[in-house]
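Results of the structural survey
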Amino acid sequence: METIKEYMKLMRLPNVLLIASVQMMIYFFVLRPVLSQYTLEPAMPVADFYLLVLSIAFISAGGYVINDYFDMRIDELNKPLTRVVGRTLTKRQAMVCYQVVSAIGMLLGTLLCFKTHSFTYFFVYVMFLGLLWFYSSSYKRQFVLGNFIVAFLMAMVPFIVGLFELRYMTVVYEPSDDGNFIAYLVLSWTGAFAAVAFLWTFVYEVVKDMDTEKGDRELECHTFAVVWGFERTKILLYACLVVALTVCAYFVLCLSPLEGSLGWRYFLCAIVVTSGYFVYSLAKANSRMDYRFTASLAKAILFLSMAFAFIVYYECQV
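Treat the numbers as computed from the prediction; the structure is a model and nothing was measured.

**Side note on the overall build of the protein chain**
Along its length, the protein chain carries 14 helices and 0 strands. Starting at the N terminus and ending at the C terminus, the protein chain contains elements arranged as α-α-α-α-α-α-α-α-α-α-α-α-α-α. Its C-alpha atoms give the protein chain a radius of gyration of 20 Å, near enough to 20 Å, the size a compact globule of 318 residues would have. Summarising its shape, the C-alpha atoms of the protein chain cover approximately 60 × 45 × 35 Å along the three principal directions. Expressed as a percentage of the 318 residues in the protein chain, the buried residues total 53%. For the protein chain, the computed accessible surface area is about 15,000 Å², with 68% contributed by carbon and sulfur atoms. Placing the 24 positive and 23 negative side-chain charges of the protein chain at their respective mean positions leaves the two points 9 Å apart.

Below, the structure written as structure tokens:
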């Protein structure tokens, strides 16, 4: 039982569940209600959607495993008492775990691509797998690139739901102007959530690197905290925060059917208020514990932004 717990810890089960929940919110609380306004249902069947969720969940779990595999020396410095690889599980066990869960994810993804008659989407899965491997082995040590890749991969979590919906639409519906409009609608909504996920994930990753600066510096990882120092990195984060809030406000303003005030109230009370606390926490942070707490606030804002899907669902019902 203890070994199973260690494997669950290695695969970051809470984070994997968060990724799965984001995709379910996009499908059930954004795409379905938005399309229902035009008397349509998603072309992607629910069973195939769950296949998509499972495939991304397993590949994400594999990404967390391989990241810890390559980070063993860094984790020895940053978290010697809580690390898994090299303490409770061997590197060989971690590699076998990575191979198994990644293979399951690719198998499910391949099945989904076969059902949609799309080899192109199969290469999207290959891209996910490759980016996760090369990020963990080398890209994360390069300036900016590592943060960008993680943010991009998180942005793809909601967006790939829209991509597969479009693929199913081409299988189910004949090409038409109405079909083009629905495709635009799907891409607009999933793209909006993807853009927001990218920005908040980038903020989270930069703050997280401030927490792990000691180990990163020791092993010559070129993070913002290492290259720029803490004060300049904080200025960057303030700028990113302004951009993220502006993008969120733009989507709340421009995307229908958010014509009521509930969307704005949620944006101001949940996202803006939490962002204000994030700024306060970041400004006074001067220890690893402070930066860890600030990073958790960034993750909370990311989840609150994705939970805006519930507002979309409500607005579509009234």
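From this point on, the discussion continues.
**Considering helix H6 (residues 119–137)**
In an α-helix, one full turn covers 3.6 residues, which means residues spaced three or four apart are oriented alike. Helix length check: H6 (19 residues) gives 27 Å between terminal C-alpha atoms against 27 Å at 1.5 Å per residue, within 8%. Along H6, the residues that are buried comprise Tyr121, Val124, Tyr125, Phe128, Leu131, Leu132, Tyr135 and Ser136. All buried residues of H6 project into a common sector of 125° when viewed along the axis, lining one side. Exposed residues lying more than 90 degrees from the buried face of H6 are Phe119, Thr120 and Phe123.

**Description of the packing of aromatic side chains**
Applying the stated criterion to the full structure yields 27 aromatic pairs. Ring geometry for Phe28 versus Tyr50: centroids 6.2 Å apart, planes at 40°, classification tilted. Placement of the pair is Phe28 in helix H2 (residues 13–36) and Tyr50 in helix H3 (residues 46–70), with a sequence separation of 22 residues. Ring plane angle 45° and centroid distance 5.7 Å describe the contact between Tyr98 and Trp133, whose orientation is recorded as tilted. Of this pair, Tyr98 sits in helix H5 (residues 91–115) while Trp133 sits in helix H6, and the two are 35 residues apart along the sequence. What makes Trp133 partly exposed here is its relative accessible area of 29%. Here a set of aromatic residues connected by ring pairs shows up, and it is made of Tyr27, Phe28, Phe49 and Tyr50.

**With respect to the packing of H3 against H5**
Running from N to C, H3 and H5 cross one another at 155°; their axes reach a closest spacing of 8 Å. If you check the angle between H3 and H5, you find them roughly antiparallel. Crossing hand, H3 versus H5: left-handed. For the contact of H3 with H5, the class distribution of residues is 19 nonpolar, 5 polar and 3 charged.

**Structural notes on the state of the cysteines**
On inspection of all chains with the given rule, the structure shows 0 disulfides. Looking at Cys240, it has no disulfide partner, and the nearest cysteine sulfur is the one in Cys248, 13 Å off. Here Cys240 falls in the buried class, since its relative accessible area comes to 16%.

Cut-offs applied
- Residues numbered from 1 in each chain as written.
- Predicted model: local features only at pLDDT ≥ 70, side-chain atom pairs only at ≥ 80, totals over all residues.
- Heavy atoms only, no water.
- Helix = DSSP H or I, 4+ residues; strand = E, 2+ residues; numbered from the N terminus.
- Rg over C-alpha atoms; globule rule 2.2 N^0.38 Å.
- Buried < 20%, exposed > 50% of the residue type's maximum accessible area, 1.4 Å probe, protein only.
- Areas by Shrake-Rupley, 256 points an atom, 1.4 Å probe, with all protein chains shown as cover.
- Lys, Arg positive; Asp, Glu negative; His and termini not counted.
- Charge placed at Lys NZ, Arg CZ, Asp CG, Glu CD.
- Expected span 1.5 Å × (residues − 1).
- Arc of directions from axis to C-beta.
- Phe/Tyr/Trp six-rings, centres within 6.5 Å; stacked < 30°, edge-to-face > 60°.
- Axes fitted to C-alpha atoms, helices over the stretch in contact; angles between N-to-C directions.
- Parallel < 35°, antiparallel > 145°, perpendicular 65-115°, else oblique.
- Left-handed = near helix turned anticlockwise from the far one by under 90°.
- Nonpolar A, V, L, I, M, F, W, Y, C, P; charged D, E, K, R; others polar.
- Disulfide = S-S within 2.5 Å.

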